[in-house]
Structures are given as C-alpha cells and as structure tokens.
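Residue-level listing of the chains:
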Amino acid sequence: RSGTISDSLITTPDELCGIWMYERVEHDKRKLELLPGGKIGEGKGGNEKSWYMFNEKLHIAGENGVIARLSYMDEVFSGQWTKFEKMRIILSRLK
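Residues numbered from 1 in each chain as written. Predicted model: local features only at pLDDT ≥ 70, side-chain atom pairs only at ≥ 80, totals over all residues. Heavy atoms only, no water.

S.K.: What is the right way to read the environment of Ala68 from this model?
M.R.: By the element assignment, Ala68 lies in strand β5 (residues 65-73). Not counting residues up to four positions away in its chain, the partners in contact with Ala68 are Leu58, His59, Ile60, Gln80, Trp81 and Thr82. (Helix = DSSP H or I, 4+ residues; strand = E, 2+ residues; numbered from the N terminus. Contact = heavy atoms within 4.5 Å.)

This is the structure we're talking about:
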C-alpha cells in the first residue's frame, strides 16, 4: 500500500452526522444528510455520495472522486469544489 492514505487516518465522526444545508454559492443550495459510515442520504447527487474527514478537512466525494474539501470555522464548513466550476461551498448544520 505504499503511497496510499492509511485507513486509520480517515474518519467519519458520528458528531457530524445529521442534516446540513449544502450551498453551492451563487448556484444553488439543498439539504445534505451525512449518515454514519460515510454515506450521504437526502440530497445526494452524482458528485456527493460519500463523506469523510482527513487532515482536519471534510471531504465530499462521488462519481468524479473528491469534489470538495471543506474546513471548519465559526460553526460552518467552507471551501470549494476541487473540479469543474470550482465553486465556493458552505455547509451549515440544520439538525
């Protein structure tokens, strides 16, 4: 496994599970449900099927690999898409 990320460094903390508002700034927003085990429920799309924490960033991934890396500050995650439009992302907890 040389050159790969150790599974022990990837986590899906239960405290992040729940309903979040996923805003693609200046594009759209929708509810996104982070489920236990790194799955995404309500609101999932082709590019948003799974999630995990690595290096203190929330990673959202789907059919095109990791689509967003988000940092936590002031009670929200923010960052941007890693591909395509590279739009800004804000993820804020609803419940």
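The discussion continues.
S.K.: Which parts of the structure should I look at to understand the sheet that holds strand β2 (residues 28-34)?
M.R.: Sheet strands associate in pairs through backbone hydrogen bonding, adopting either a parallel or an antiparallel arrangement. Spatial ordering of the open sheet is given by β2-β1-β7-β6-β5-β4-β3, a layout of seven strands whose pairing is antiparallel. Each of the sheet's edge strands pairs with one partner strand only, and the pair in question is β2 and β3 (50-54). Each strand of the sheet is rotated relative to its neighbour by a mean of 25°, with strand direction disregarded. As defined by bridge partners, strand β1 (residues 18-24) adjoins strand β7 (residues 88-93) across five bridges and the pair is classed as antiparallel. Note on β7: the bridge partner recorded for Tyr22 is Leu91. (Pairing = 2+ DSSP bridges. Axes fitted to C-alpha atoms, helices over the stretch in contact; angles between N-to-C directions.)

S.K.: What am I meant to see in the nonpolar core here?
M.R.: Nonpolar side chains in soluble globular proteins tend to be buried together. Leu58, Ile60, Leu70, Phe77 and Leu91 are the most contacted members of the largest nonpolar core, which has 19 residues in total. Looking at this core, the elements with two or more residues in it are β1, β2, β3, β4 (57-62), β5, β6 (76-81) and β7. It is β5 that contributes the most residues to this core, three residues altogether. Beyond its immediate chain neighbours, meaning those up to four positions away, Leu91 contacts Trp20, Met21, Tyr22, Leu32, Leu58, Leu70, Val76 and Phe77. (Core = buried A, V, L, I, M, F, W, Y, C linked by side-chain atoms within 4.5 Å. Buried < 20%, exposed > 50% of the residue type's maximum accessible area, 1.4 Å probe, protein only.)

S.K.: Would you take a moment to explain the pattern of salt bridges for this structure?
M.R.: When their charged atoms lie close together, side chains carrying opposite charge are able to pair. Applying the stated criterion to the full structure yields three salt bridges. Residue Arg30 pairs with Glu48 through a salt bridge whose shortest N-O separation is 2.6 Å. Here Arg30, found in strand β2, pairs with Glu48, found in the loop between β2 and β3; they are 18 residues apart in sequence, far enough to count as distant. Between Glu63 and Lys49 there is a salt bridge whose closest N-O contact spans 3.3 Å. You can see Glu63 sitting in the loop between β4 and β5 and its partner Lys49 sitting in the loop between β2 and β3, a full 14 residues away along the chain. Relative accessible area serves as the criterion here: at 61%, Glu63 is assigned to the exposed category. Here Lys49 falls in the partly exposed class, since its relative accessible area comes to 39%. (Salt bridge = Lys/Arg side-chain N within 4 Å of Asp/Glu carboxyl O.)

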